[in-house]
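Coordinate analysis (summary)
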Amino acid sequence: MQKEEYKKHLSRMQALCSRGEKCRADISLKLEQAGVPREDTEEILKELEKERFLDQERYATAYARDKSSFQGWGPRKIHNMLKIKEIPEEVIEKALSGLGENWFREKLAEALCKKQMHLKDKDPRKRYAALVRFGLGRGYSYSQIVECLGKITKAANQ
């Protein structure tokens, strides 16, 4: 690739990274779609990391915080989505532990309470099953959901 074309792609990716957090996989895909050869893609990625436009840890932390806060995702779903984006396991664990177990418990309790208000079925077993399915779909473990539902039920009965 010519030097001018390389610089054009590099500056486009720098601008893209400046607007929001991106990971290596996001930038690789963009460059691949633009028809940039693999060797040049690697050079651009190294340059972006060197200049701190790309940072896997910063991306994973922001991703985990945003998906948990805005979409109500649990740790399993966040973990799986970061894995798809080729984020290293230790970076994912660090990002999730940064939020803490209590953060996820609070988010799960909020989501389950909100969902419970919208359930129309009167049968308690069906309501319970629906809430469990909902929590699993959000990326929480079965044990987290059962614990949270137990607390919600106990609080409602008092």
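See the structure printed just above.
Quick summary incoming for the structure in this document. All of these numbers come straight from a predicted model, not from anything done at the bench.

**Some remarks on the overall build of the protein**
In terms of helices and strands, the protein carries 9 helices and 0 strands. Secondary structure elements of the protein, listed N to C terminal, follow the sequence α-α-α-α-α-α-α-α-α. On C-alpha atoms alone, the protein measures out to a radius of gyration of 21 Å, which is more than a quarter above the 15 Å that the 2.2 N^0.38 rule sets for 158 residues. Summarising its shape, the C-alpha atoms of the protein cover approximately 70 × 30 × 25 Å along the three principal directions. Split into buried and exposed, the 158 residues of the protein put 37% on the buried side. Considering only contacts within the protein whose residues lie at least 6 apart along the sequence, 60% involve residues at least 24 apart. For the protein, the exposed area adds up to about 9,900 Å²; of that, 52% sits on carbon and sulfur atoms.

Here is what the cut-offs are and how they apply
Residues numbered from 1 in each chain as written. Predicted model: local features only at pLDDT ≥ 70, side-chain atom pairs only at ≥ 80, totals over all residues. Heavy atoms only, no water. Helix = DSSP H or I, 4+ residues; strand = E, 2+ residues; numbered from the N terminus. Rg over C-alpha atoms; globule rule 2.2 N^0.38 Å. Buried < 20%, exposed > 50% of the residue type's maximum accessible area, 1.4 Å probe, protein only. Contact = heavy atoms within 4.5 Å. Areas by Shrake-Rupley, 256 points an atom, 1.4 Å probe, with all protein chains shown as cover.

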